[in-house]
Amino acid sequence: MPKPALTAAASAAPLPQLQAAGKRLATTPNRMGWLQPTPGDAPVTTIRQRLREHGYVWLKGFLPPAEVRGFRAQVFGHLNAAGFVADPLAGTASGSAGDKELANRRLMEFVRSARYEAFCMHPRLWQFMDELLEGLSYLHKRKIMRYTLPATPQVTPAHYDLVYLRGGTDRIVTAWIPIGDVPVEMGGLVYLEGSHALGVKMEAEFRALNATLSPEERINAYNKNMTDGGYVSKDLPDMADKFDARWLVADYEAGDVMLHSPYMIHASTMNEDRENRIRLSTDIRYQNVTDEIDARWANHWTLDDML
Ligand SMILES: O=C(O)CCC(=O)C(=O)O
């Protein structure tokens, strides 16, 4: 029997024009590159090793694409009432911002639904996490779903996840799941190459600075020693220059699952989709149930929970 390929082919496509917070990312080969995909059925030992080595693993075709697309239609079916969706099946934007308050309410309802829970608890995913984490996996209850309308400035600034999860173990794995195709121009996650080592160093520095704070303040992402919003930076080109690193980008497809280390620096770019599609994704966190759990994440996500 032929052995499964351990890596899928990386893209040879020209590097894309991307922007975030009013800045264009440099497209020189020393500042931008493509993420390296891994087949979704690669052996768990390979995946664990890649996660350790690169800080991310982009699992291709991990979930059944038709199920992910069906789920996308259900999400937009629920959000439709808010007026910003043109076609719930395709997940295209109407061009109107819609009723923001209603949109938030509908989103908060959806992330509390059994349907969403079932998606996040897909047997393929939790069984894989049990293997990856070498024991019973625990899925944090605080699970985030994000949508980004095309041609809006909304982006996620550069950060690493542990800043928001300091009350428990650092043996956490984030699964970022595109709900539908997210080609690079739709502003999916971009990763600063090799930055999981940087994140470890930054966190050690924050830990030293935070040592004199109260236990509650010490784990707070917004305490007085942290930068704006707990983020590392909003200026992605400046970060690449400062750390002499490349932003790694990707054309994500329905069915892909991205795993990243809690120290890996990542961000998102603007949704500039020419087909007017809304970027939809969820980001959820797993750990071994025997490791310490950050109690602040034991409630459903709310927009004002300040985590
Ligand atoms: O989807 C996004 O824009 C941000 C997601 C994120 O920060 C994460 O998965 O940790």
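Below is a short write-up of the structure. (Residues numbered from 1 in each chain as written. Predicted model: local features only at pLDDT ≥ 70, side-chain atom pairs only at ≥ 80, totals over all residues. Heavy atoms only, no water.)

**Details of the pairing of strand 13 (residues 257-260)**
Alternating residues of strand 13 divide into Val257 and Leu259 and Met258 and His260, and every residue in both groups is buried. Sheet topology note: the strand 10 (residues 172-178)/strand 13 ladder contains three bridges and is antiparallel. For Ala175, the partnering residue across the bridge sits in strand 13 and is Leu259. (Buried < 20%, exposed > 50% of the residue type's maximum accessible area, 1.4 Å probe, protein only. Helix = DSSP H or I, 4+ residues; strand = E, 2+ residues; numbered from the N terminus. Pairing = 2+ DSSP bridges.)

**Here we look at the packing of helix 1 (residues 44-54) against helix 5 (residues 123-132)**
One way to put it is that helix 1 packs onto helix 5 with a least axis distance of 10 Å and a crossing angle of 70 degrees. The angle between helix 1 and helix 5 places the two elements in the roughly perpendicular class. Across the interface between the two elements, Val44, Ile47, Arg48 and Leu51 from helix 1 touch Phe128, Glu131 and Leu132 from helix 5. A breakdown of the residues in the contact of helix 1 with helix 5 according to their chemical character gives five nonpolar, no polar and two charged. (Axes fitted to C-alpha atoms, helices over the stretch in contact; angles between N-to-C directions. Parallel < 35°, antiparallel > 145°, perpendicular 65-115°, else oblique. Contact = heavy atoms within 4.5 Å. Nonpolar A, V, L, I, M, F, W, Y, C, P; charged D, E, K, R; others polar.)

**Some points on the site of the ligand**
Contacts to the ligand come from 14 residues, most closely from Thr156, Trp176, His266, Arg279 and Arg285. His159 is positioned such that a nitrogen or oxygen atom in its side chain is 3.0 Å from an oxygen atom of the ligand. In the model, an oxygen atom of the ligand is placed 2.9 Å from a nitrogen or oxygen of the His266 side chain. Its free accessible area being 300 Å², the ligand has 99% of it covered by the protein chains. Looking at the shell around the ligand, the elements that each hand over two or more residues are strand 10, strand 14 (266-268) and strand 15 (279-288). With four residues, strand 15 is the largest single contributor of residues to the shell around the ligand. (Near = heavy atom within 4 Å. Polar contact = N/O pair within 3.5 Å; in protein donor to acceptor, adjacent residues only side chain to side chain. Areas by Shrake-Rupley, 256 points an atom, 1.4 Å probe, with all protein chains shown as cover.)

**Description of the pattern of salt bridges**
The full count for this structure, using the stated rule, is 20 salt bridges. Across the pair Lys60 and Glu253 runs a salt bridge whose closest N-O atoms are separated by 2.8 Å. Here Lys60, found in strand 5 (residues 56-60), pairs with Glu253, found in the loop between strand 12 (247-249) and strand 13; they are 193 residues apart in sequence, far enough to count as distant. Judged by relative accessible area, Glu253 falls into the partly exposed class, the value being 42%. (Salt bridge = Lys/Arg side-chain N within 4 Å of Asp/Glu carboxyl O.)

**Regarding helix 6 (residues 195-210)**
Between its first and last C-alpha atoms helix 6 spans 22 Å; for 16 residues at 1.5 Å apiece the expected length is 22 Å, and the two agree. Every buried residue of helix 6 is listed here: Ser195, His196, Gly199, Met202, Glu203, Phe206 and Asn210. All buried residues of helix 6 lie within an arc of 115 degrees about the axis, which places them on one face of the element. Of the residues in helix 6, the exposed ones pointing more than 90 degrees away from the buried face are Ala197, Lys201 and Ala208. Buried residues along helix 6 sit against helix 1, strand 11 (189-192) and helix 7 (215-218). (Expected span 1.5 Å × (residues − 1). Arc of directions from axis to C-beta.)

**Focus on the nonpolar core**
Counting residues in hydrophobic clusters, the biggest one holds 48 residues, and the most contacted among them are Met129, Met145 and Leu259. In this structure Met145 touches Phe71, Val75, Leu107, Phe110, Val111, Tyr116, Ile179, Leu280, Ser281, Thr282 and Trp301, once residues within four positions along its chain are discounted. (Core = buried A, V, L, I, M, F, W, Y, C linked by side-chain atoms within 4.5 Å.)

**Digging into the packing of aromatic side chains**
Within the structure shown, the criterion is met by 10 aromatic pairs. Ring centres 5.9 Å apart and planes at 25 degrees place the aromatic pair Tyr56 and Tyr191 in the stacked group. Here Tyr56 is found in strand 5, whereas its partner Tyr191 is found in strand 11, with 135 residues between them in sequence. Assessed through its relative accessible area of 4%, Tyr56 is described here as buried. What makes Tyr191 buried here is its relative accessible area of 0%. The interplanar angle of 55 degrees and the centroid separation of 5.7 Å between the aromatic rings of Phe71 and Phe110 together place this pair among those described as tilted. Of this pair, Phe71 sits in helix 2 (residues 65-79) while Phe110 sits in helix 3 (residues 100-110), and the two are 39 residues apart along the sequence. No difference in accessibility class separates Phe71 from Phe110, as the two residues are buried. Above the face of the Phe62 ring, Arg124 is positioned so that its terminal group lies 3.9 Å from the ring centre. (Phe/Tyr/Trp six-rings, centres within 6.5 Å; stacked < 30°, edge-to-face > 60°. Lys NZ or Arg CZ within 6 Å of the ring centre and 35° of its normal.)

**A closer look at the side chain of Thr148**
Relative to the helices and strands, Thr148 resides in strand 9 (residues 144-148). Judged by its relative accessible area of 5%, Thr148 falls in the buried class. Filtering out sequence-adjacent residues up to four positions away, Thr148 remains in contact with Gln154, Asn271, Ile278 and Arg279.

**Regarding unusual backbone geometry**
Here Asn276, not a glycine, exhibits a phi torsion of approximately 70 degrees, which is positive. Summarising the element assignment, Asn276 is placed in the loop between strand 14 and strand 15. The backbone of Met306 sits at a positive phi, close to 55 degrees, despite the residue not being glycine. Among the structural elements, Met306 can be located in the segment after strand 15. By relative accessible area, Met306 is classed as exposed at 57%.

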